[in-house]
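Fold and contact review
Chain residues, written in single-letter form:
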Protein chains: 2
Amino acid sequence: MAKIKATNITWHEGHVGRAEREALLGQKGATVWFTGLSGSGKSTIAFTVEHALVQRKHLAYVLDGDNIRHGLNKNLGFSAEDREENIRRIGEVAKLFADAGLITLTSFISPYARDRDQVRRLHEQAALPFIEVFVNTPIGVCEQRDPKGLYKKARAALAQGKGMGFTGVDDPYEAPPKPEIAISAEKITPQEAAAVVIEYLESRGIVPALQG
Amino acid sequence: MAKIKATNITWHEGHVGRAEREALLGQKGATVWFTGLSGSGKSTIAFTVEHALVQRKHLAYVLDGDNIRHGLNKNLGFSAEDREENIRRIGEVAKLFADAGLITLTSFISPYARDRDQVRRLHEQAALPFIEVFVNTPIGVCEQRDPKGLYKKARAALAQGKGMGFTGVDDPYEAPPKPEIAISAEKITPQEAAAVVIEYLESRGIVPALQG
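This write-up is about the structure you can find in this document. All residue numbers refer to positions counted from 1 along the written sequence of the respective chain. Written order determines the labels here, with chains lettered from A and ligands numbered from 1. Since the coordinates come from a predicted model, pLDDT governs what is reported: local features require at least 70, and pairs of side-chain atoms require 80 or more to be given and counted, while whole-chain, interface and lining totals use all residues. To get the side-chain values, take all heavy atoms of the structure and skip hydrogens and water.

In this section: the overall build of chain A. Assigned secondary structure in chain A consists of eight helices and five strands. Moving toward the C terminus, one meets the helices and strands of chain A in the order α-β-α-β-α-α-β-α-β-α-α-β-α. The C-alpha extent of chain A, read off along each of the three principal axes, is 75 × 45 × 30 Å. Only protein chains enter the area calculation, which uses a 1.4 Å probe; residues under 20% of their type maximum are buried, those over 50% are exposed, and those in between are partly exposed. Buried residues in chain A amount to 55% of all 212 residues. When checking whether two residues touch, look at their non-hydrogen atoms; a contact exists if any pair is within 4.5 Å. Sequence-distant contacts, at least 24 apart, represent 74% of the contacts inside chain A between residues at least 6 apart. Under the scheme used here, helices are H or I runs from DSSP no shorter than 4 residues and strands are E runs no shorter than 2 residues, and both carry numbers assigned from the N terminus.

In this section: unusual backbone geometry. Of note in this structure, D146(A) is not a glycine but carries a positive phi near 35°. As for its position among the elements, D146(A) is in the loop between α6 (139-145) and α7 (150-159). You will see that A127(B), though not glycine, has its phi angle at about 55°, which is positive. The topology assignment puts A127(B) in the loop between α5 (113-125) and β4 (130-135).

When the parts of a complex come together, some accessible area is lost, and that lost area is often used as the size of the interface. Each partner contributes to the interface: chain A provides 61 residues, whereas chain B provides 60 residues. Among the residues of chain A in contact with chain B, H15(A), H51(A) and L96(A) are the three that bury the most area, contributing 13% of the side total. Salt bridges, as used here, are contacts in which a Lys or Arg side-chain nitrogen is within 4 Å of a carboxyl oxygen on Asp or Glu. The interface formed by chain A and chain B holds four salt bridges in total. In protein, a polar contact means a hydrogen-donor-capable atom and an acceptor-capable atom, both N or O and within 3.5 Å, with residues adjacent in sequence counting only if both atoms are side-chain atoms; elsewhere, any N or O pair within 3.5 Å suffices. Our enumeration of links across chain A and chain B arrives at 20 residue pairs in polar contact (both at pLDDT 80 or more). For the side of chain A that touches chain B, the secondary-structure elements that each account for two or more residues are α1 (18-25), α2 (42-55), β2 (60-64), α3 (65-72), α4 (80-99) and α8 (190-203) of chain A. Throughout, buried area stands for the accessible area (probe radius 1.4 Å) lost by two parts on being put together, summed over both.

Next up on the list: the sheet that holds strand β4 (residues 130-135) of chain A. Residues and elements named next belong to chain A. In this analysis, strands are considered paired if DSSP registers two or more bridges between them. Read across the sheet, five strands follow the order β2-β3-β1-β4-β5 without closing on themselves; strand pairing throughout is parallel. For this open sheet the edge positions go to β2 and β5 (181-183), each flanked by a neighbour on one side alone. For this sheet, the mean angle separating the axes of adjacent strands, direction not counted, is 20°. Strand direction decides the pairing type here: β2 and strand β3 (residues 103-107), joined by five bridges, are parallel. Bridge assignment links L63 to a residue of β3, and that residue is T106. The axes are straight lines fitted to the C-alpha atoms, using for helices just the contacting stretch, and the angles between their N-to-C directions are given from 0 to 180°. Of the strands in this sheet, β1 (30-35), β3, β4 and β5 touch α8, which is tilted by about 170° from β5.

Moving on: the packing of α3(A) against α4(A). Residue and element names in this part refer to chain A. Running from amino to carboxyl end, α3 crosses α4 at an angle of 110°, the nearest separation of the two axes being 12 Å. With respect to each other, α3 and α4 are oriented roughly perpendicular. Seen along the crossing, α3 lies across α4 with a hand that is right-handed. The residues of α4 that touch α3, namely those facing I68, R69 and L72, are N86, R89, I90 and V93. Any angle between 65 and 115 degrees counts as roughly perpendicular, while under 35 counts as roughly parallel, over 145 as roughly antiparallel, and the rest as oblique. Left-handed describes a crossing in which the near helix is turned anticlockwise from the far one by less than a right angle; the clockwise case is right-handed.

Right, let's get into the pairing of β4(B). Residue and element names in this part refer to chain B. Among the six residues of β4, six are classified as buried, and the element is accordingly described as predominantly covered. Side-chain alternation along β4 places F130, E132 and F134 on one buried face and I131, V133 and V135 on a second face that is also buried. As defined by bridge partners, strand β1 (residues 30-35) adjoins β4 across five bridges and the pair is classed as parallel. Looking across to β4, one finds that W33 is bridged to E132. When β4 meets strand β5 (residues 181-183), the two strands line up parallel, connected through three bridges. Looking at β5, one finds that F134 is bridged to A182.

Looking now at the sheet that holds strand β3 (residues 103-107) of chain B. Residues and elements named next belong to chain B. Ordered in space as β2-β3-β1-β4-β5, the five strands form an open sheet in which the pairing is parallel. Of all the strands in the sheet, the pair left with one neighbour each is β2 (60-64) and β5. Direction aside, the axes of adjacent strands within the sheet are offset by 20° on average. Running at roughly 55° to β2, helix α3 (residues 65-72) makes contact with β2 and β3 of the sheet.

What follows concerns α4(A). All names here are of chain A. To estimate the expected span of a helix, count its residues, drop one, and scale the result by 1.5 Å. Over its 20 residues, α4 extends 29 Å from the first C-alpha to the last, a length consistent with the 28 Å expected when each residue adds 1.5 Å. Counting buried residues in α4 gives 15 out of 20 residues, a clear majority hidden from the surface. After α4 finishes, the residue G101 shows a positive phi value of roughly 105°.

With that settled, the discussion passes to the packing of aromatic side chains. Ring pairs (aromatic) are described by centroid distance and by the angle formed between their planes. Paired rings are identified among Phe, Tyr and Trp, the last through its six-membered ring, by centres lying within 6.5 Å, and are further divided according to the angle between planes into stacked (under 30 degrees), edge-to-face (over 60) and tilted (the rest). Counting across every chain of the model gives nine aromatic pairs over all chains. On the basis of an interplanar angle of 5° and a centroid distance of 5.4 Å, the ring pair of Y61(A) and F97(A) is categorised as stacked. Here the residue Y61(A) occupies a position in strand β2, and F97(A) occupies one in helix α4, the gap between them amounting to 36 residues. Each member of the pair Y61(A) and F97(A) is classed as buried. The rings of Y61(A), F97(A), Y61(B) and F97(B) are connected pair by pair, giving a single aromatic cluster. Distance and angle both matter: a charge sits over a ring if NZ of Lys or CZ of Arg is within 6 Å of the ring centre and within 35 degrees of the ring normal. One cation-aromatic arrangement involves R69(A) over F78(A); the distance from NZ or CZ to the ring centre is 4.3 Å.

Turning our attention to the relation of the copies chain A and chain B. The atoms used to superpose the copies are C-alpha atoms, taken from residues with pLDDT of at least 70 in both, and the fit is least squares. For the pair chain A and chain B, the relating rotation is 180°, the translation along its axis is 0.0 Å, and the fit reaches an RMSD of 0.0 Å. Taken together, the rotation and translation describe the operation of a two-fold axis. Most of the interface of chain A is mirrored in chain B, where 98% of its interface residues are also at the interface.

This is the structure we're talking about:
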């Protein structure tokens, strides 16, 4: 133990403060919560925002089905109870990420207003920004796109009397009444939608505006 | 929509790569998993490492009972099943943090080798460093410290025939056979222990060594 260069390390008993991490990163921690139907374009917009922020040297991270459903929430199914727990856990993880100073972008259908509102309250109680982005694409457009063939599957199941509880087909989507941002995603490009989100982040002081 | 400055935003369909975020942060994402008895000094060392890394402009974050048990895992108790799920979820969150480029320090007793090994495998499968730090303080020392009065409570419960399943009293602690770092925490100060951890992170190239 003779060679330890520990003289400049100070003993601490508690967490590093949020402000200290935010100063280090040059941004504020925040959760940007995308909600909308399957096929609405949530993920494309979220990834576009993520890449644009990282290009601007900001730390952003997308939580989506890929990294959540196969990991943290792999022991959850699609019952009403499990769907609620799914969103609750994602909300708690987003809050931890935001507390760590990251701009977290979540991309989940999250159809129920009550579940989203609980995540909002969780953030508000911790004085962390929660930005709800409603990706408002008409169901006809989503169903025509059907990138994963899920609508087709849900309609077929329904026709056979075996409902899947698929959002927009045989389970409701509750549109946010007062989202921070609403995007008519069939009228603008993902780049334009991403720019709207980033300008909003600038307006809230979460990332500084670009100069010039 | 006329004023959108979106010309420099490129449309992306997938996650930002880990390497890109690591380049931005000047560090590698990793999980430093502290394990040891209640009162062994895990949290003090973890917080000391966190502060030292942030002082060196690195992004580090402690996951501990404070921010996990009251949040993500508030619906878990202390049954064998719930303890396993507790560690599983923490492991998944640590992995997400590491994937986002952070150095995550977890401070949980995590008494069972099997649960810790599952978290290790989870990281290895994702090519993320998992560094197990065994905070090896004799139970006599931990019980004498008893900072939260938990040993006293556990002994009293046991004397009344109402076992709590408290690690070290009436539930086993399985010491890691091959931890990356073992700390005899009653023989060195938290600063010295933190320095050992940071030197290890340097040796693995997770953070660059200080110059001079």
